[in-house]
Amino acid sequence: MDTGLLKLGVNVDIQRTDGRIHSAVVSGINSDTRSVTVEWFERGETKGKEIEIDAIFQLNPEFLPPAARSSPENGNAVDNFRYIPKETPRNVKSQGVKPSYSRLPDDHSGGGGNIGCQPDLNNMDNLQGGDEMRKNNNNSYRKKSNCVKEVEKIKQKRVERRAQQIALREQQEQDYDTSQPSWEFDAMIREFRKTLEYRPITNTDPIENHQICVCLRKRPLNRKEADRREIDVITVPNKDLVIVHEPKQKVDLTKYLENQSFRFDYSFDENSTNEMIYRYTAQPLVECTFAGGMATCFAYGQTGSGKTHTMGGDFSSKGKQDCTKGIYVLAASDVFKLLSSKYKKADLTVGASFFEIYSGKVFDLLNNKQKLRVLEDGKQQIQVVGLKEEEIQRVEDVLRLIQHGNNVRTSGVTSANNHSSRSHAVFQISLRKRGSRKLHGKFSLIDLAGNERGADTSSSDRQTRMEGAEINKSLLALKECIRALGRRGAHLPFRASKLTQVLRDSFIGENSRTCMISMISPGMSCCEHTLNTLRYADRVKELGPGGPVEGKPSDYSPTAGGGLSPQKSDLEVLRNANEGELSEEMFEFHEVISHMQEEEEAVIDEHREIVEVPQQHLANIF
């Protein structure tokens, strides 16, 4: 770039934005942007700015290159202005040189010409008109500075960005229902699902053999969730994967999704039926029962997630349930089919019992909810004293027992469900040798009570909070017992709850098999409950990239407290294995409740002895 006679340290005239013209010193030349940096001293301080070279040449034609000064279009640019040379040093501030504020055109009226900055008083009018014309001419040919260009670029980008946002908003209004409260999250979930490859489980997929099988079932949105216009935050892309789209919000109110993945043995979406669920979960366990094993299948999940629907059948309201489509009846039907075909020569009888565990107490649902006692005999076998077991001959008998038991089962009203099951319902199918009471095999089908967080029961009464505490303790104990089943040599903390005491024989032995069906709700309001359920199920088996942990040695053992009772020792194990879920206060609470239950049973035993001894004496006398 040709900068003419411009160089660092020379004085040039510049024009300010308010129209003033004064001298300044060139402090920098930028050939890339064709601009120069100038400085001047004003009001006790040094100021500066960046000016284009073309603007400098218009006010200072004497600095033009020689070729440009003699070009036809410029004419004789040097003769247009009287240039007064200034010998100003480079450091303007240190020399204290005051700037000149005007420059006058040449005086061609004669008189030898005035050299300097004073105008000819006789031609003042002509001088002012010339200055005005010169100012307009300079403004008309002056180019925009780089700063103005950058501001215009920013403005143009802002206009384009706003136009794109308006177009995007109009497109979103066409594709999505923006009147929905959470339509932004719904849009993000839909975009994420477009990137997935779907291959849901079908009836043709093979059935795998597991000692511990952990499955997941997603129910569809119910009527309440549809009325609230909730969005579905659960995706089941294939037969062993489930993804939770957890809605999040940053500090600056930006909305985003946190997609969390969990892997299980089987994953069922909202289109799966009870028959398909049964085929992959409970049906393989029926054969295990005829082989002399102890099988357990239970449904776990939040209140209102569909546990009773899966185990008992289609449920519309209290007292109205189609039990023919539940796992209870489907399992009983297969038992009778095998008994009449493959195992016809085994000479086995089928018995059924139905009881519930409520607040640490056991009640017989087939015998007017009579309270039962759970005791451990001399062979360390758990016996449910007084449990009524009816012999069944056909599927209709099972339907009758289930309907009767469901009608008397304990339920209550919670914040999540108006008909919440507040007890664990255990339906057992027992196979015994004909003519003897020897147990050949047993299949326990359990509909667990709905798990709830303490925050959800804080507004409930004392009874509901105690129910929730007992339910959560039994669920933690059940989880640890199932984990111990898959970890050979692990301690079995079955005494920590009544539920695990009753199911103790299902957790011991090489021929014991367990299946857990985790039920989750797809609504956005249940996202935290869903994550808790998935984490619980994940810890039961801990399926990771390396596969299942069946056969892995135990990583914990009971505390070495010789003075602790077996029940307290199991509670201690439960607390150590679930430090984040069972606090010190809750542990002490369960310890006190367990002690009260032990004392209550001791009083009952003493009372029974007091009643039975006189009766025996009277019988001997008469």
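Residues numbered from 1 in each chain as written. Predicted model: local features only at pLDDT ≥ 70, side-chain atom pairs only at ≥ 80, totals over all residues. Heavy atoms only, no water.

Colleague: In this structure, what is going on with the overall build of the chain? I would like to understand it.
Modeller: For the chain, the count of helices and strands is 17 helices and 22 strands. Counting contacts in the chain only where the partners sit at least 6 residues apart, residues at least 24 apart contribute 65% of the total. Surface exposure of the chain reaches about 32,500 Å², of which carbon and sulfur atoms provide 50%. (Helix = DSSP H or I, 4+ residues; strand = E, 2+ residues; numbered from the N terminus. Contact = heavy atoms within 4.5 Å. Areas by Shrake-Rupley, 256 points an atom, 1.4 Å probe, with all protein chains shown as cover.)

Colleague: Honestly, the pattern of salt bridges in this entry has me stumped. Any pointers?
Modeller: Two side chains carrying opposite charge are able to pair once their charged atoms lie near each other. In the structure shown here, the tally under the stated rule is 27 salt bridges. Among the ionic pairs, E225 bridges to R219, the shortest N-O distance being 3.0 Å. By relative accessible area, R219 is classed as buried at 11%. The partner of R434 in a salt bridge is D347, and the shortest N-O contact between them spans 2.7 Å. With a gap of 87 residues between them, R434 in the loop between strand 20 (424-433) and strand 21 (439-447) and D347 in the loop between helix 11 (327-339) and strand 13 (348-358) connect regions that are remote in the sequence. (Salt bridge = Lys/Arg side-chain N within 4 Å of Asp/Glu carboxyl O. Buried < 20%, exposed > 50% of the residue type's maximum accessible area, 1.4 Å probe, protein only.)

Colleague: Help me understand a negative patch on the surface in this model?
Modeller: On the surface, a cluster of negative charge is made up of E599, E606, E609 and E612. Relative to the elements of secondary structure, E606 occurs in helix 17 (residues 584-621). (Patch = residues over 30% accessible without salt bridge, like charges linked within 9 Å, V, L, I, M, F, W, Y side chains within 5 Å. Lys, Arg positive; Asp, Glu negative; His and termini not counted. Charge placed at Lys NZ, Arg CZ, Asp CG, Glu CD.)

Colleague: I tried to follow the sheet that holds strand 3 (residues 35-42) on my own but got confused; where do I start?
Modeller: Sheet strands associate in pairs through backbone hydrogen bonding, adopting either a parallel or an antiparallel arrangement. Within the open sheet, the four strands sit side by side as 1-2-3-4. Their pairing is antiparallel. Two strands bound the open sheet, and with one partner strand each, they are strand 1 (11-15) and strand 4 (45-52). Averaged over all neighbouring strand pairs, the angle between strand axes comes to 45 degrees, with direction disregarded. With five bridges joining them, strand 2 (residues 21-30) and strand 3 adopt antiparallel strand pairing. Considered in strand 3, the bridge of I29 is made with V36. (Pairing = 2+ DSSP bridges. Axes fitted to C-alpha atoms, helices over the stretch in contact; angles between N-to-C directions.)

Colleague: It is not clear to me how the side chain of T530 should be interpreted in this structure. Could you clarify?
Modeller: Along the chain, the position of T530 falls in helix 15 (residues 527-541). Classification of T530 as buried rests on a relative accessible area of 1%.

Colleague: Please explain unusual backbone geometry as it appears in this structure.
Modeller: Across residues other than glycine, the phi torsion is negative in most instances, and most of the peptide bonds are trans. Positive phi outside glycine occurs at D347, with the angle close to 55 degrees. On the basis of relative accessibility, which here comes to 39%, the residue D347 falls in the partly exposed class. With phi around 55 degrees, N368 is a residue other than glycine that occupies positive phi space. Relative to the helices and strands, N368 is located in the loop between strand 14 (361-364) and strand 15 (370-376).

Colleague: Please clarify how the nonpolar core should be interpreted in this entry.
Modeller: One broad trend across soluble globular proteins is that nonpolar side chains are buried collectively. F290, F427, F443 and L445 are the most contacted members of the largest nonpolar core, which totals 49 residues. With 47 residues, the next largest nonpolar core counts I234, L372, V374 and L475 among its residues. (Core = buried A, V, L, I, M, F, W, Y, C linked by side-chain atoms within 4.5 Å.)

Colleague: Sorry, what's going on with the confidence of the model for the chain here?
Modeller: Low-confidence regions, as indicated by low pLDDT, have predicted coordinates that should not be scrutinised in detail. Per-residue pLDDT for the chain has a mean of 77; in total, 72% of the residues score no lower than 70. Confidence drops under a pLDDT of 50 for residues 76-124, and excluding neighbours within four residues, the segment shows 76 contacts in the predicted structure. Counted against residues more than four places away or in other chains, residues 543-564, with its pLDDT under 50, gives 44 contacts. (pLDDT = per-residue confidence, 0-100.)

Colleague: Help me understand the packing of aromatic side chains in this model?
Modeller: A ring pair, where both rings are aromatic, is described by two values, the distance of the centres and the angle of the planes. On inspection of all chains with the given rule, the structure shows eight aromatic pairs. Arranged with centres 6.1 Å apart and planes meeting at 70 degrees, the rings of Y328 and F354 form a pair that is edge-to-face. With Y328 in helix 11 and F354 in strand 13, the pair connects residues that are 26 residues apart, well separated along the chain. Judged by relative accessible area, which is 2%, Y328 ranks as buried. When its relative accessible area of 0% is taken as the criterion, F354 is described as buried. Measuring from centroid to centroid gives 5.4 Å for F354 and F427, while their planes differ by 85 degrees, and the two rings are edge-to-face. Remark: F427 occurs in strand 20 and F354 occurs in strand 13; sequence separation between them is 73 residues. The burial state of F354 is the same as that of F427; both residues are buried. Taken together through their ring pairs, the aromatic side chains of Y266, F268 and Y280 make up a single cluster. The ring of Y280 has R279 lying over it, and the distance from NZ or CZ to the ring centre is 4.9 Å. (Phe/Tyr/Trp six-rings, centres within 6.5 Å; stacked < 30°, edge-to-face > 60°. Lys NZ or Arg CZ within 6 Å of the ring centre and 35° of its normal.)

Colleague: Got a minute to help me understand the pairing of strand 7 (residues 241-249) in this structure?
Modeller: Residues in a regular strand point their side chains to alternate faces of the sheet. As paired strands, strand 6 (residues 234-238) and strand 7 are joined by three bridges and run antiparallel to one another. Within strand 7, the residue paired with T235 across the bridge is I243. Where strand 6 folds back on strand 7, the antiparallel hairpin that results is connected by two residues. Two elements, strand 7 and strand 8 (residues 255-263), share nine bridges in a ladder whose sense is antiparallel.

Colleague: Help me understand helix 12 (residues 395-408), please; the structure alone is not making it clear to me.
Modeller: Residues separated by three or four positions in an α-helix point in the same direction, a consequence of the helix having 3.6 residues per turn. Given a rise of 1.5 Å per residue, 14 residues ought to cover 20 Å, and the 21 Å separating the end C-alpha atoms of helix 12 matches this to within 8%. Turning to helix 12, its buried residues number three or more, namely D397, V398, L399, L401, I402, G405 and N406. (Expected span 1.5 Å × (residues − 1).)

Colleague: Looking at this structure, I do not really get the side chain of T514. What am I missing?
Modeller: Position of T514 among the secondary structure elements: in strand 22 (residues 512-520). For T514, the contacting residues outside a window of four places in its chain are Q211, I212, C213, T296, F298, I482, L485, S506 and F507.

Colleague: What is the right way to read the sheet that holds strand 6 from this model?
Modeller: Taken together, the three strands give an open sheet; going across it, the order is 6-7-8, and neighbouring strands pair in antiparallel fashion. On the outer flanks of this sheet lie strand 6 and strand 8, each paired with one strand and no other. Across this sheet, the average inter-strand angle for adjacent strands is 25 degrees, counted without regard to direction. Packing of helix 6 (residues 183-193) onto the sheet brings it into contact with strand 6, strand 7 and strand 8, and relative to strand 8 it is tilted by some 45 degrees.

Colleague: It is not clear to me how the pairing of strand 13 should be interpreted in this structure. Could you clarify?
Modeller: The buried count for strand 13 comes to eleven of eleven residues, which makes it a mostly enclosed element. The alternating pattern of strand 13 places L348, V350, A352, F354, E356 and Y358 and T349, G351, S353, F355 and I357 on opposite faces, both of which are buried. In this sheet, strand 20 lies alongside strand 13 in antiparallel orientation, the contact comprising ten bridges. Paired with V350 across the strands is L431, a residue of strand 20. Where strand 13 and strand 17 (residues 390-391) come together, two bridges link them in antiparallel fashion. Bridging across to strand 17, G351 finds its partner in E391. Pairing of strand 13 with strand 14 involves four bridges; the strand directions are antiparallel. Within the sheet, the bridge partner assigned to Y358 lies in strand 14 and is K361. Between strand 13 and strand 14, which pair antiparallel and follow one another directly, the connecting turn spans two residues, one of which, S359, has a positive phi of 55 degrees.

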